[in-house]
Amino acid sequence: MIGTRISSSPAVELSQEDFFLLRDIIESRSGAYLEISSWDSLKSKMGIRLAQRQFAGIKEYYNHLLTKGGEEEFQELLNTITVHETYFFRDLRQFHFIKRNIIPEIVERKMTSNGKKVIKICSAGCSTGEEPYSMAIILLELKELLMDFKLEILATDLSSKALKKAKEGIYRERSLKEVKREYLEKYFTLSGNNYYLNEEVKNMVTFSLLSLVKEPFPIANMAEQDLILCKNVIIYFRPHTARNVLHNLYQCIDEKGYLFTGGSESLFHLSHEFQLRERENVFYYTKEKSPPESSERP
């Protein structure tokens, strides 16, 4: 998520040309598009980077980003401008629905078809890990149902800083506001002001550094996903970028798989491949064209 908060920093000149240069390279490599309203915020944060790295100005900094050695600095730039605001079980109704309906349906289908006893879930744009860890808790709560299955949760993000925090599995109370007490006592250990996630949950998730706009997209490494969560990510892309990302995700999803987006996101005019579904006041998308049998249940 690209932030617009302004913090104190050394003064730096950021012309319109400079802003467009930085905006374009950020979008080309990460997909995130900075509106002109982000000008002051970017100027403030560039002051920090230039001072820390002792660059003479924006042009020198930009030229460094274009070099092979600039890849690491670009990651630091992303870490600087990215704001990670999320929490466990965000969109709580979706998680209840997935636990109550989607996971049991995937199990039933795979048991009936005698297919691979593997359930693959991907959290795309996972930020600091709250979302994939929420899914891991859901799966642990369904342990008896899933006892014959191998479970794979892949979590990706373009920020190395966010992934580092995710792997640590240490959270403050504000990240746990939707976690019920039973789960807090079962899956977390409180020490001081921090909640430490249990190793059982952490070991269920594999984290990977990945930009959703990467081309060619590593479809082979992410194929046959039964469920993809890509929430509050698409809204930061321009339409043409969003279409490409959604097409790639479409190819990664199993023929009878599911896609969940954020509550404020819609694929209208962005994808004609995914099919919109609604059950129990929860909206989601499927890959198959005909309505799934389960959608006719009360």
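Refer to the structure above for everything that follows.
Residues numbered from 1 in each chain as written. Predicted model: local features only at pLDDT ≥ 70, side-chain atom pairs only at ≥ 80, totals over all residues. Heavy atoms only, no water.

Caption draft 1: Fine view of the sheet that holds strand S3 (residues 170-171). Pairing within the open sheet is antiparallel, and its three strands lie in the order S3-S5-S4. Each of the sheet's edge strands pairs with one partner strand only, and the pair in question is S3 and strand S4 (188-191). Bridge analysis of S4 against strand S5 (residues 194-197) gives four bridges, and the strand direction is antiparallel. Looking at S5, one finds that Phe188 is bridged to Leu197. (Pairing = 2+ DSSP bridges. Helix = DSSP H or I, 4+ residues; strand = E, 2+ residues; numbered from the N terminus.)

Caption draft 2: Main features of helix H2 (residues 39-53). The end-to-end C-alpha distance of H2 is 21 Å, a good match for the 21 Å that 15 residues give at a rise of 1.5 Å each. Close packing links the buried residues of H2 with helix H1 (16-30), helix H3 (58-65) and helix H4 (70-81). Once H2 finishes, Gln54 follows within two positions and takes phi at roughly 60°, a positive value. (Expected span 1.5 Å × (residues − 1). Contact = heavy atoms within 4.5 Å.)

Caption draft 3: Molecular detail of the packing of H1 against H2. Axis separation between H1 and H2 bottoms out at 11 Å; the angle between their running directions is 85°. By the angle between their directions, the pair H1 and H2 is classed as roughly perpendicular. Judged by residue contacts, Gln16, Phe19 and Leu22 of H1 engage Trp39, Leu42 and Met46 from H2. Here the contact of H1 with H2 is composed, by residue class, of five nonpolar, one polar and no charged. (Axes fitted to C-alpha atoms, helices over the stretch in contact; angles between N-to-C directions. Parallel < 35°, antiparallel > 145°, perpendicular 65-115°, else oblique. Nonpolar A, V, L, I, M, F, W, Y, C, P; charged D, E, K, R; others polar.)

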